[in-house]
Amino acid sequence: MMEPAAAASAGGFPHPAMHDADFEAERRDMIERQLRRRGLHDKKVLDAMFAVPRHEFVLPEYVGAAYDDRPLPIGPAETIPQPYIVAAMSAAAQIEPGDCALEVGTGSGYQAAILAYLGARVYTIERNPELAGQARERLARLGYTAVEVIHGDGSNGYAAAAPYQAILVTAAAPAVPPPLLEQLDEGGRLVIPVGDRYHQFLQLIFKHGGRTAARLLDPVQFVPLVGQQAWPEQT
Ligand code: SAM
C-alpha cells in the first residue's frame, strides 16, 4: 500500500492538493489495480498519480468516474487519457527535477500537472483555444505554477523554449514531426503515438550523439494530432 504523498515532490514542487483526502480510496485503488498490476513500479510516477487530483481535470458529469480505468471525454473530440497511459508515458519520459518538458496536446492539463509534479518546467501547447484557456485557468487555480499553457499548433513544437529534455505528444501523429526531433535535447526522450487515425503504437525516441533511436511501447488509441506537420483538418 502506498503512503500518502509527502509534503513536496522530488523536485520540491509544492502541491496544494496534498491535503485533499477526496477520492483517496479511488486513487489508491487506481494505483494498485491499474498501474502496479500492469507492471508500472516507478515510485516517483506512482506518487505523482496518487497526488494529482484527476477529479479536478474532468467534466463535472464525469467526476464520479475520474479514477476509472478508461479515457473520458473533455470536449467534442477530445479526451483525457486512461490513467495507465498517462503513467506509462510519464515513466517512459524519465523526468528528472529541473528538466524542461514540452507537452503537445494540453487537453485538460492533467498530463502537464503530472510532469510538473515530477519536477519539470512544463510548456504545453493546445490547438483548441477554449481547452487551452480552461486548462490555463485550472492549472493556475490548483497551483501548478511551473506549467505554461500555449495556444497553437504543437506539431511545430515550441521553439521559443527549446531544447527539451522530454517531449510528450498526447495526440496521434502519422509520423514523427521533424521539428520535435530538432527541439529534443541531446540525451532527450520523446514519447509519441504514431500510426493511422484509429490505431497507433506509442514510440519512445532517444537522441544521442545527434542521432535518434526508437523503441515501440504499448498499442494505443489517441485522437489525431491535427496540424502543419501532422494530419490535415477534416472537412
Ligand atoms: N494530455 C491531455 C490531458 O492530459 O488531458 C489530453 C490530450 S487529448 C488526448 C489530445 C489533445 O491534443 C486535444 O485536446 C487536441 O485538441 C490536441 N491537439 C490535436 N492536435 C494538436 C496540435 N497540432 N497542437 C496542439 N494540440 C493539438
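What you see is a predicted model, and the numbers here were worked out from it, not measured in a lab.

A few points about the overall build of the chain
Here is step 1 of the chain: Regarding its fold elements, the chain presents 6 helices and 9 strands.
Here is step 2 of the chain: Computed over its C-alpha atoms, the radius of gyration of the chain comes to 16 Å, within 12% of the 18 Å expected for a compact globule of 235 residues.
Here is step 3 of the chain: Over its C-alpha atoms, taken along the principal directions, the chain stretches across nearly 45 × 40 × 30 Å.
Here is step 4 of the chain: The buried share of the chain, reckoned over its 235 residues, is 53%.
Here is step 5 of the chain: Counting only contacts in the chain whose residues sit at least 6 apart along the sequence, the fraction spanning at least 24 positions is 58%.
Here is step 6 of the chain: A total of about 10,400 Å² of accessible surface is found on the chain, and carbon and sulfur atoms cover 53% of it.
Here is step 7 of the chain: Taking the average location of the 20 positive side-chain charges in the chain and that of its 28 negative ones, the two points are 4 Å from each other.

What about the site of the ligand?
Here is step 1 of the chain: Among the 26 residues in the neighbourhood of the ligand, the closest are listed as Glu103, Ser108, Glu126, Gly154 and Val226.
Here is step 2 of the chain: One of the side-chain N or O atoms of Asp153 is found 2.8 Å from a nitrogen atom in the ligand.
Here is step 3 of the chain: In the complex, 98% of the free accessible area of the ligand, which totals 610 Å², lies under the protein chains.
Here is step 4 of the chain: The cavity where the ligand resides is the largest pocket.

Brief notes about helix 4 (residues 110–117)
Here is step 1 of the chain: With 8 of 8 residues buried, helix 4 lies mostly within the body of the structure.
Here is step 2 of the chain: Listing the buried residues of helix 4 in full gives Tyr110, Gln111, Ala112, Ala113, Ile114, Leu115, Ala116 and Tyr117.
Here is step 3 of the chain: Gly119 occupies a position one or two residues after helix 4 and carries a positive phi of about 105°.

Rules of the game
- Residues numbered from 1 in each chain as written.
- Predicted model: local features only at pLDDT ≥ 70, side-chain atom pairs only at ≥ 80, totals over all residues.
- Heavy atoms only, no water.
- Helix = DSSP H or I, 4+ residues; strand = E, 2+ residues; numbered from the N terminus.
- Rg over C-alpha atoms; globule rule 2.2 N^0.38 Å.
- Buried < 20%, exposed > 50% of the residue type's maximum accessible area, 1.4 Å probe, protein only.
- Contact = heavy atoms within 4.5 Å.
- Areas by Shrake-Rupley, 256 points an atom, 1.4 Å probe, with all protein chains shown as cover.
- Lys, Arg positive; Asp, Glu negative; His and termini not counted.
- Charge placed at Lys NZ, Arg CZ, Asp CG, Glu CD.
- Near = heavy atom within 4 Å.
- Polar contact = N/O pair within 3.5 Å; in protein donor to acceptor, adjacent residues only side chain to side chain.
- 1 Å grid on protein atoms, 1.4 Å probe; cavity = no way out; pocket = protein on both sides within 12 Å on 5 of 7 lines; lining within 4 Å.
- Sits in = over half its atoms within 2 Å of the grid points.

Purely geometric numbers; function is a separate question.
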